[in-house]
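# Geometric and topological summary
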Amino acid sequence: MQNKFDFKDISVRGVCMELLRYCWMILLAAAAVWLGATGIGELTYTPQFTSSSTLVVSVKGSSNAYSSLTTANQMADVFREVFQSDALRETIAADLGEEIQASISCSLIDETNLLVLSASASNPRQAYLYIHSALEHYEEVSEYVFANASLEIVQEPNVPSEPSNQSMLITRRNELALLGAAAMAALIFLLYMCRFTVKNVSAAQRLLDGTIRGTIPYENLSKKRKMRNGKGKRVKEAPLLSSPLVSMDFAEAARKTQAQVEHHMRRRGQKVLLVTGFGENEGKTTVAANLAIALAEKHKKVLLIDGDFRKPALYKLFGKKDNREQKGNSLESVLLGKTRWQDAAVVQKPYSIQVLYQYRPSQNPSGVLTTANLKRLMEECRDEVDYVIVDCPPVSVAADAEVWMQAADTVLLVVRQDWSDVRAVNDTVDLAWQSCGDFTGFVLNAFREEWNSGKGSYGYRPYTGTVNN
């Protein structure tokens, strides 16, 4: 196994689907940032109202526009200091009879002899009164400054109707919301990349300690059929090779997988194949059933066994009902010596395979599932069938898989796309070698087609049958 990161291991489709799956978190982050910026902005925002007046600077006793322009440029800083002086502020306070918290500014319009005088306060009334009083009393404060210049009002100050300043947080809240959404998307992407799972075929070839026997694409028959029962729910249907709804890609991939597995077993003279996986819901039951069906299509005599005593599911896959009278025809009754396997096995039509079901969870799985019982049953089956395929519980659920491995000839691991930790899967491979003595390889199950690959390619590179030992 190679642990070095490779950009080819990234699934573009997987990343996009991950972001789509958690889009509610991205939207929630954007909404939280937007509301937070609005709330904090409202709490910290102090509105300021500005009243302005435009003044023209002219030289006393002269009508020369050039002289007025030159005077305005020379006197701009002086005017600013006068209007912002403490003396003028005290005069204004005495005139108004109250202390007004306001500020005044004076700016020159470029290339003109016009000055803009502005007064800002926390409410419009104070701003207007302050600038109005400043225009009336500025000559009393610094009459000597304007000995050669005079100021005339071009535009009278007005009462402001709306604040002249805005909260930075409120103004930028949309941009901040987008940044929050981007940060959440980046976090989701980072967590996706930190999951040490098989994300595409390229990653499987590098990371898994074994041979990849096949890649089976994701198939959703319920979406294709859209059948509904009386309660209005979709009818779930398993993607079995006999179903007319399965795609050609799925059927071809399943049959190629069967050919690879059969070749491995035939070369070693093996008959008992254990199909398992590390985690639940990796599709091992469907893979085991399709392997049995594909072998039966080649006129092989196949016995398919549901070896899961805790959550049996094979009978559901083939549409069987859990009737109480079927309890005596189960794998548990066979292992306890109550029934012969030939009598308990059901010939499943139209697949022409024999199936030994377990209809209900066992009350005492450890008491029934012993190495001696399993080996005895396997020896009996070897003489009458060409292949025995056992669907057993996942390794992470219980120790049942390890007991089954001791009775099987070889083990096949099912690995679902972006599902189980690669390190745990490879530990399962080591367990298979120790308990069974042989390991067939991996079946990559439910792999979705990559958007940036050709049709039938379920990774950055299509499966080529190469071996990674």
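What follows concerns the pattern of salt bridges. Summed over the entire model, instances satisfying the criterion amount to 19 salt bridges. Across the pair Glu18 and Arg195 runs a salt bridge whose closest N-O atoms are separated by 2.9 Å. Of this pair, Glu18 sits in helix H1 (residues 12-21) while Arg195 sits in the loop between helix H7 (173-194) and helix H8 (201-207), and the two are 177 residues apart along the sequence. On the basis of relative accessibility, which here comes to 30%, the residue Arg195 falls in the partly exposed class. Overlapping salt bridges, with partners in common, bring together Glu18, Arg21, Arg195 and Asp418 in one network.

Turning next to the pairing of strand S11 (residues 410-416). Of all seven residues that make up S11, six are buried, and the element is covered over most of its length. Pairing between strand S6 (residues 272-276) and S11: four bridges, direction parallel. Along S11, the bridge assignment pairs Leu273 with Thr410. Pairing geometry for S11 and strand S12 (residues 439-447), over six bridges, is parallel. The residue bridging Val414 from the neighbouring strand is Val443, located in S12. At this point the chain moves from S11, through helix H18 (residues 422-435), to the parallel S12, and the crossover so formed is right-handed.

Ranked by size, the top nonpolar core spans 48 residues in total, and within it Leu208, Leu303, Ile305, Trp341, Val388 and Trp404 carry the most contacts. The element contributing the most residues to this core is H18, with five residues. Core analysis: the next-biggest nonpolar cluster, separate from the first, contains 38 residues, Leu221, Val302, Tyr357 and Tyr359 among them.

With that settled, the discussion passes to the side chain of Glu332. Inspection of the secondary structure assignment puts Glu332 in helix H13 (residues 331-335). Taking the relative accessible area as the measure of exposure, Glu332 reaches 18% and is therefore buried. At 3.1 Å, the side chain of Glu332 forms a polar contact with the side chain of Ser362. When near neighbours in sequence (up to four residues on either side) are disregarded, Glu332 contacts Phe309, Gln358, Ser362 and Val368.

This part is about the side chain of Ser120. Take Ser120: it is sitting in strand S3 (residues 114-121). For Ser120, the side chain forms a polar contact with the side chain of Thr50, separated by 2.8 Å. Dropping the residues within four chain positions of it, Ser120 is found in contact with Gln48, Phe49, Thr50, Gln101, Ala102 and Ser103.

What follows concerns a negative patch on the surface. On the surface, Asp95, Glu136, Glu139 and Glu140 cluster together to form a negatively charged patch. No other element matches helix H5 (residues 124-141), which puts three residues into the negative patch. Its place among the elements puts Asp95 in helix H4 (residues 86-96). On the basis of relative accessible area, Asp95 is assigned to the partly exposed category, the value being 37%.

This part covers the packing of helix H2 (residues 23-44) against H7. Taken N-terminus to C-terminus, the directions of H2 and H7 make an angle of 145°; their axes are 8 Å apart at the nearest point. H7 is crossed by H2, and the crossing has right-handed handedness. The residues of H7 that touch H2, namely those facing Met25, Ile26, Ala29, Ala30, Val33, Trp34, Ala37 and Thr38, are Arg173, Asn174, Leu176, Ala177, Gly180, Ala181, Met184, Ala185 and Ile188.

Attention shifts here to H4. Residues of H4 that are buried: Leu88, Ile92 and Ala93. Down the axis of H4, the buried set is contained in an arc of 140°. They therefore lie on one face. With respect to the buried face of H4, the exposed residues turned more than 90 degrees away are Asp86, Glu90 and Ala94. Gly97 occupies a position one or two residues after H4 and carries a positive phi of about 75°.

Once that is clear, we can look at the packing of helix H16 (residues 371-382) against helix H17 (residues 400-407). At a closest axis distance of 8 Å, the pairing of H16 and H17 adopts a crossing angle of 45°. Classed by the angle they form, the pair H16 and H17 counts as oblique. Helix-helix and strand crossings are classified by hand; for H16 and H17 the assignment is right-handed. Along its contact with H16, which presents Thr371, Leu374, Lys375, Met378 and Arg382, the element H17 presents Val403, Trp404, Gln406 and Ala407.

With that settled, the discussion passes to the confidence of the model for the protein chain. In this model, the protein chain carries an average pLDDT of 84, and 84% of its residues clear a pLDDT of 70 or more. In this model, residues 227-232 is a region of pLDDT below 50 whose contacts with residues beyond four sequence positions or in other chains number seven contacts. This stretch, residues 459-469, has a pLDDT under 50; its non-local contacts, to residues over four places away or in other chains, come to 37 contacts.

To continue, consider helix H10 (residues 248-268). Counted at 1.5 Å a residue, the expected span for H10 with its 21 residues is 30 Å, and the 31 Å between its end C-alpha atoms agrees. Of the residues making up H10, those classed as buried are Phe250, Ala251, Ala253, Ala254, Thr257, Gln258, Val261, Glu262, His264 and Met265. Buried residues of H10, seen end-on, are gathered within an arc of 165° and therefore sit on one face of the element. For H10, the exposed residues lying more than 90 degrees away from the buried face are Met248, Lys256 and Arg267. Looking at the buried positions of H10, the neighbouring elements they touch are strand S5 (210-217), S6, helix H11 (284-297), strand S10 (387-391), S11 and S12. Remark: Gly269 follows H10 within two positions and exhibits a positive phi of approximately 65°.

This next bit is on the environment of Ile100. In this fold, Ile100 is placed in the loop between H4 and strand S2 (102-108). Residues Ile100 and Arg89, eleven residues apart in the sequence, show an inter-C-alpha distance of 9.0 Å. Residues within four places of Ile100 in sequence aside, it is in contact with Arg89, Gln126 and Tyr130.

Trans is the prevailing form of peptide bonds, just as negative phi is the prevailing case for residues other than glycine. Here the bond from Lys349 into Pro350 is cis, since omega is 0°, no more than 30 degrees from zero. You can see Pro350 is positioned in the loop between strand S8 (346-348) and strand S9 (353-356). At His299, a position not held by glycine, the phi torsion is positive, near 65°. Position of His299 among the secondary structure elements: in the loop between H11 and strand S7 (302-306). Since its relative accessible area comes to 74%, His299 is described here as exposed. Even without a glycine there, the phi angle at Ser352 is positive, about 60°. Turning to its location among the elements, Ser352 is positioned in the loop between S8 and S9.

Procedures and definitions
- Residues numbered from 1 in each chain as written.
- Predicted model: local features only at pLDDT ≥ 70, side-chain atom pairs only at ≥ 80, totals over all residues.
- Heavy atoms only, no water.
- Salt bridge = Lys/Arg side-chain N within 4 Å of Asp/Glu carboxyl O.
- Helix = DSSP H or I, 4+ residues; strand = E, 2+ residues; numbered from the N terminus.
- Buried < 20%, exposed > 50% of the residue type's maximum accessible area, 1.4 Å probe, protein only.
- Pairing = 2+ DSSP bridges.
- Right-handed = clockwise from strand over helix to strand, strands pointing away.
- Core = buried A, V, L, I, M, F, W, Y, C linked by side-chain atoms within 4.5 Å.
- Polar contact = N/O pair within 3.5 Å; in protein donor to acceptor, adjacent residues only side chain to side chain.
- Contact = heavy atoms within 4.5 Å.
- Patch = residues over 30% accessible without salt bridge, like charges linked within 9 Å, V, L, I, M, F, W, Y side chains within 5 Å.
- Areas by Shrake-Rupley, 256 points an atom, 1.4 Å probe, with all protein chains shown as cover.
- Lys, Arg positive; Asp, Glu negative; His and termini not counted.
- Charge placed at Lys NZ, Arg CZ, Asp CG, Glu CD.
- Axes fitted to C-alpha atoms, helices over the stretch in contact; angles between N-to-C directions.
- Left-handed = near helix turned anticlockwise from the far one by under 90°.
- Arc of directions from axis to C-beta.
- Parallel < 35°, antiparallel > 145°, perpendicular 65-115°, else oblique.
- pLDDT = per-residue confidence, 0-100.
- Expected span 1.5 Å × (residues − 1).

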